[in-house]
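# Structural description and commentary
Now for the letters of each chain:
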Amino acid sequence: MNNLLKPNQATPVCDTDKMELVSKGSLSKFDMNEILNCMHCGFCLPACPTYRQMGMEFASPRGRIALMKGVAKEELAVDAEFEHHMNLCLGCRACETACPAGVPYGSLVETAREMVEDQKRDSAKPSVMKTVVFDKLFKNPQRFKQLGTALWAAQSVGLQTLADKTGLIKVLPRPMAEMQKAVDKIASPIARKKREPVMKSGQANALKIGFFSGCIMDVMFFETNQATASLLQKAGCDVLFVQEQVCCGALHAHAGEKDGAIELAKRNIEAFEQAEVDFIVNNAGGCGSALKEYHHWFHDQPEWQQRAMNFVAKMRDANELLAELPPLTFSKRIEAKVTYQDSCHLAHGQGVRNQPRQLIQRIPGVEYIEMNDADSCCGSAGIYNITNYEMSMDILDDKMKQVEQTKAHYIVTTNPGCLLQMKNGIIRAGLQGKMEAMHVMDLLARAL
């Protein structure tokens, strides 16, 4: 095996000495060491999209950490105001890249949201919508496939177009009405059934790849998953679609539903253990970041933490692995200007920045244009563009000013939420017909 292809070494986060300072009682979920690592230097401020929009301390990582510290010391309550400030955060983790002290802000804000949800569970009936989305939909891959079939049927009979033309689409909340315009045609059930469970490279000693297809990714961007698998196959890998896999749990974790996230993580660890693969590969920055941090979720379950570390050691983003494997041979030229929007969770969460850019620049004919602030969030952030629509669109409109300056024909990214957001941004900026948003794997596959 190539030295570059050695599995990652996952590092456990459970430090006994540090845990001694964890605050006790009902608020013990915060690690005071992590909070106290914040030096209040303010390096995080210019990196934070919400601080840049509002210019207010409470909208910055430093301000939110101060609120967390107040809660951890039981000087502040976990109330509606605390919830608002925590949920205003995009969770893009650009502050982690900027932070000289290495404060794990993403982990802190997830803990804060978990405490908010715990408090609400103790004081009120659970939200019906949250129960449906987190318990009934994301934990059940079959229901997700049924949802995909329903969306495909609505598109096929023209319901989406009819609703748009007649104005019926306005019955939807504005964020959803606008976002649906950016949704491309979904793959048919017949196309899905044609998927081969194993795509063989035909090469001796081929790497065995377990492909993590994701839930939203496999419904909304089925063809992108197929393109990714084809690229890996061309690069000499045998690609296995592991049938028992489920949602990565990222949306649960970001929303404070940690128990649900852990349940999904256990199901994925078991599924890929049984598949006995060399590497686990995904093509969605948000999912990949969560998958690479599974061991952080099991600090109080040593057996599961070890199994999670084994899982994490095999996890790679598709860009990472393709950049390490022998270069792909492209047979077609793409005469176009291409720019790249980082997925926050790929760049700031996983530290994968150069590999997508290197792969794009290997395509014959491509003129690569680096965009200003390419690693600044586009405002998608999971479902943030629905729950915090106005802020999300302000961030997106600023992003599109940078995109437009590149005069690129393609804006390329690596996460389904970012891709939908950039498609919406092109519509909002009036750039239809001049620019196309696509996943980096689709661009690479187009040149094969």
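In case you missed it, the structure is sitting above this.
First, a word on what this report is: a plain description of the structure on this page. In this text the structure is predicted, and so the values were computed from the model without any measurement.

Bringing the overall build of the protein into the picture now. Each helix and strand in the protein was counted, giving 25 helices and nine strands. Counting all 448 residues of the protein, 53% fall into the buried class. By element, 53% of the accessible surface of the protein is carried by carbon and sulfur atoms, the whole surface being about 20,500 Å². Distance between charge centroids for the protein: 6 Å, based on 51 positive and 52 negative side chains.

Within the fold, Pro 416 resides in helix α24 (residues 416-428). Assessed through its relative accessible area of 10%, Pro 416 is described here as buried. Each C-alpha atom, one on Pro 416 and one on Cys 89, is 19 Å from the other, the two residues being 327 residues apart in sequence. Setting aside its immediate chain neighbours within four residues, Pro 416 contacts Met 217, Phe 221 and Ala 284.

With the rule as written, the count across this model stands at seven aromatic pairs. Between Tyr 294 and Trp 297, the ring centres sit 5.2 Å apart and the planes meet at 45 degrees, which makes this aromatic pair tilted. Side by side, Tyr 294 and Trp 297 carry an identical accessibility label, which is buried. The ring of Phe 241 has Arg 195 sitting right over it, with the charged end atom 4.1 Å from the ring centre.

Here we come to the pattern of salt bridges. For the structure shown, the criterion picks out 24 salt bridges. Glu 75 serves as the salt-bridge partner of Lys 73, at 3.8 Å between the closest nitrogen and oxygen. The partly exposed category is assigned to Lys 73, whose relative accessible area is 44%. The salt bridge involving Asp 218 is made with Arg 195; its shortest N-O contact spans 2.8 Å. Here the residue Asp 218 occupies a position in helix α13 (residues 216-220), and Arg 195 occupies one in the loop between α12 (189-193) and β1 (198-199), the gap between them amounting to 23 residues. Looking at Asp 218, the relative accessible area reads 11%, which means it is buried. Connected through shared salt-bridge partners, Asp 135, Lys 139, Glu 263 and Arg 267 make up one network.

Taken together, five strands build an open sheet; the order of strands is β1-β3-β2-β4-β5 and the sheet is mixed. Of all the strands in the sheet, the pair left with one neighbour each is β1 and β5 (315-317). In terms of strand pairing, strand β2 (residues 207-211) meets strand β3 (residues 237-241) through five bridges, oriented parallel. Across the sheet, the residue bridging to Gly 210 is Leu 240, located in β3.

Two modes of strand pairing occur in sheets, parallel and antiparallel, and in both the strands are linked by backbone hydrogen bonds. With parallel pairing, four strands are arranged side by side in an open sheet as β7-β6-β8-β9. Each edge of the open sheet carries a strand with a single partner, namely β7 (366-368) and β9 (436-439). In this sheet, adjacent strand axes meet at a mean angle of 35 degrees when their direction is disregarded. Relative to β7, strand β6 (residues 336-340) runs parallel, the two being bridged by three bridges. Within β7, the residue paired with Ala 336 across the bridge is Val 366. Contacting β8 (410-413) and β9, α24 crosses the sheet at an angle of about 175 degrees to β9.

Looking now at the pairing of β8. Residues Tyr 410 and Val 412 line one face of β8 and the alternating positions Ile 411 and Thr 413 line the opposite face, and both faces are buried. Bridge analysis of β6 against β8 gives three bridges, and the strand direction is parallel. In the strand pairing of β8, Val 338 is matched with Tyr 410. Where β8 meets β9, four bridges bridge the pair, whose relative direction is parallel.

So, on to a nonpolar patch on the surface. Taken together, the side chains of Met 176, Ile 383 and Ile 386 make up a nonpolar region of the molecular surface, amounting to roughly 250 Å² of accessible area. Relative to the helices and strands, Met 176 resides in helix α11 (residues 174-179).

The rules behind the values
- Residues numbered from 1 in each chain as written.
- Predicted model: local features only at pLDDT ≥ 70, side-chain atom pairs only at ≥ 80, totals over all residues.
- Heavy atoms only, no water.
- Helix = DSSP H or I, 4+ residues; strand = E, 2+ residues; numbered from the N terminus.
- Buried < 20%, exposed > 50% of the residue type's maximum accessible area, 1.4 Å probe, protein only.
- Areas by Shrake-Rupley, 256 points an atom, 1.4 Å probe, with all protein chains shown as cover.
- Lys, Arg positive; Asp, Glu negative; His and termini not counted.
- Charge placed at Lys NZ, Arg CZ, Asp CG, Glu CD.
- Contact = heavy atoms within 4.5 Å.
- Phe/Tyr/Trp six-rings, centres within 6.5 Å; stacked < 30°, edge-to-face > 60°.
- Lys NZ or Arg CZ within 6 Å of the ring centre and 35° of its normal.
- Salt bridge = Lys/Arg side-chain N within 4 Å of Asp/Glu carboxyl O.
- Pairing = 2+ DSSP bridges.
- Axes fitted to C-alpha atoms, helices over the stretch in contact; angles between N-to-C directions.
- Patch = residues over 30% accessible without salt bridge, like charges linked within 9 Å, V, L, I, M, F, W, Y side chains within 5 Å.

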